[in-house]
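Tertiary structure, described
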Amino acid sequence: MARDKEDQNTTGSMDLTSPLYMHPSESARTTLVPVVFDGTGHRSWRRGVLRALSVKNKVGFINGKCKKPKIDEVTYDQWARCDDMVTSWILNSLSEDLADSLQYVNDAKELWQELEDRYDQTNGAKLYQLQKEINDLSQGTLDITGYYTKMKRLWEELNTLNAHAQCNCQCICGAKANMQKAEQDHKLIQFLMGLNEVYTVVRGIILMMNPLPNIAQDFSILIQEEKQRERGGNTGENSYNSNKSGYPSARTRMFCDYCKRPGHTRDICYRIHGFPQDFKFTKGRNVASAANVHVDSEEMEGGNQSQGLQSLTKEQYNQLLNLLEKFPGRNT
């Protein structure tokens, strides 16, 4: 009884920034990440768990910084309570099969170390896997946003493996900025290589820019092209007449300072960078249609005349010949 009162006094007077402090709203049924870990994607799952534990100020229970006190110390019961809570959170973030195999660990640190030993690959193997996924990734059925998100996630995971190679020094010669630009250009090329063939023209336009745009600018250009295709399949010159409403859209507010026409910018102007092979010229189509109508009209008139001659009787035909023979100037 006296020990319980002492624990209550210790908890009530505990510093809120202490790892041993547990908010009354915390529950042992809490899940740290929205998607449980089933044996795949350990790096991303691990990152999410560490972020959640950092918010709760409980990372020390898995990395050993918040050490276990002796059993006769005042803070022992509070430490055990917090450690059991962290252990429950991690188990709740695992699939049912994995959680069952780890139910008998002694504390949160042992649980975390067991997961690290099982699923944390060496940097060489993981580096090979990530680089292969990046090289094999293509847009396929994904839209631009989905393709960019998937590629960016692989890039960020790759950066976590190369964290030791990143320099935090103050560079005055410009070499650091040049290396960062070269890395951005390399990522841009990887991203453009995986695009579908419908973006061939836009890809060529981007590659002709000097200097090359960054990933965010490239993404913005491709999003504009994708939206133009979704609004009726018209791009480039055909997009000028695609907006028939009286209200200006985001595309009509764009203006090309080269051909002096709205609907696009100089960066993607077909008159500068060339027309795609599947481009349809609306003006030529109208002229061709008019020519077809003219030919059809002549054929119709000729057909009517021929039909009129065929409708004459033999007597009417002879009378017509007699009249023609009497016509002045006719050679018989």
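What counts as what
Residue indices follow the written sequence of each chain, beginning from 1 at its first position. Given that the model is predicted, a residue must reach a pLDDT of at least 70 before its local features are reported, and side-chain atom pairs must reach 80 or more before they are shown or counted; all residues, however, enter totals for whole chains, interfaces and linings. Side-chain measures here rest on the full set of heavy atoms in the structure, leaving out hydrogens and waters. In plain words, nonpolar cores are sets of buried Ala, Val, Leu, Ile, Met, Phe, Trp, Tyr and Cys residues tied together by side-chain atoms within 4.5 Å. Buried means the residue's accessible area, taken with a 1.4 Å probe over protein chains only, is under 20% of the maximum for its type, while exposed means over 50%, and partly exposed covers the values in between. For helices the rule is a DSSP run of H or I covering at least 4 residues; for strands it is a run of E covering at least 2, with both sets numbered from the N terminus onward. For every residue, the predictor assigns a confidence score, pLDDT, that lies between 0 and 100. Any two residues whose heavy atoms approach within 4.5 Å at even a single point are treated as in contact. Between the rings of Phe, Tyr and Trp (Trp by its six-membered ring), a pair exists once the centres lie within 6.5 Å; its type follows the angle of the planes, with under 30 degrees stacked, over 60 edge-to-face, and the other angles tilted. In our convention, an over-ring charge means Lys NZ or Arg CZ found within 6 Å of a ring centre and within 35 degrees of that ring's normal. One speaks of a salt bridge when a side-chain nitrogen belonging to Lys or Arg is within 4 Å of a carboxyl oxygen belonging to Asp or Glu.

One finds Trp 45, Val 86, Ile 90 and Leu 94 to be the most contacted residues of the largest nonpolar core, which totals 29 residues. Where this core is concerned, the elements lending two or more residues are α2 (42-55), α3 (60-63), α4 (76-92), α5 (96-101) and α6 (108-119). Broken down by element, this core gets its largest block of residues, seven residues, from α4. Formed by 26 residues, the second largest nonpolar core is a distinct cluster that contains Leu 130, Leu 158, Leu 161 and Tyr 199.

Let's shift gears to the confidence of the model for the protein chain. Taken residue by residue, the protein chain gives an average pLDDT of 77. The fraction at 70 or more is 69%. Of all helices and strands in the protein chain, the one with the weakest mean pLDDT is helix α13 (residues 282-310) (45), whereas α4 scores best (94). Scored below 50 in pLDDT, residues 1-9 makes six contacts in the model with residues more than four places away or belonging to other chains. Confidence over residues 236-252 falls short of pLDDT 50; this stretch has 33 contacts with residues more than four positions distant or in other chains.

Take the packing of aromatic side chains next. The tally for this structure, following the rule as stated, stands at seven aromatic pairs. Look at Trp 45 and Trp 112: their rings are 6.0 Å apart centre to centre, the planes differ by 25 degrees, and that puts the pair in the stacked class. Here the residue Trp 45 occupies a position in helix α2, and Trp 112 occupies one in helix α6, the gap between them amounting to 67 residues. By the burial criterion, Trp 45 is buried, and Trp 112 matches it. Ring geometry for Tyr 148 and Phe 191: centres 5.8 Å apart, planes at 90 degrees, overall edge-to-face. With a gap of 43 residues between them, Tyr 148 in helix α8 (residues 144-161) and Phe 191 in helix α9 (residues 175-193) connect regions that are remote in the sequence. Accessibility classification places Tyr 148 together with Phe 191 in one group, the buried group. Chaining the aromatic ring pairs together yields one cluster made of Phe 37, Trp 45, Trp 112 and Tyr 119. The side chain of Lys 56 reaches across the aromatic face of Trp 89, ending 4.8 Å from its centre.

On to the pattern of salt bridges, then. By the definition in use, this model includes 10 salt bridges. Residue Asp 136 pairs with Lys 132 through a salt bridge whose shortest N-O separation is 2.9 Å. Residue Asp 136 and its partner Lys 132 are both found in helix α7 (residues 123-136); the two are separated by four residues, about one turn of the helix. When its relative accessible area of 43% is taken as the criterion, Lys 132 is described as partly exposed.

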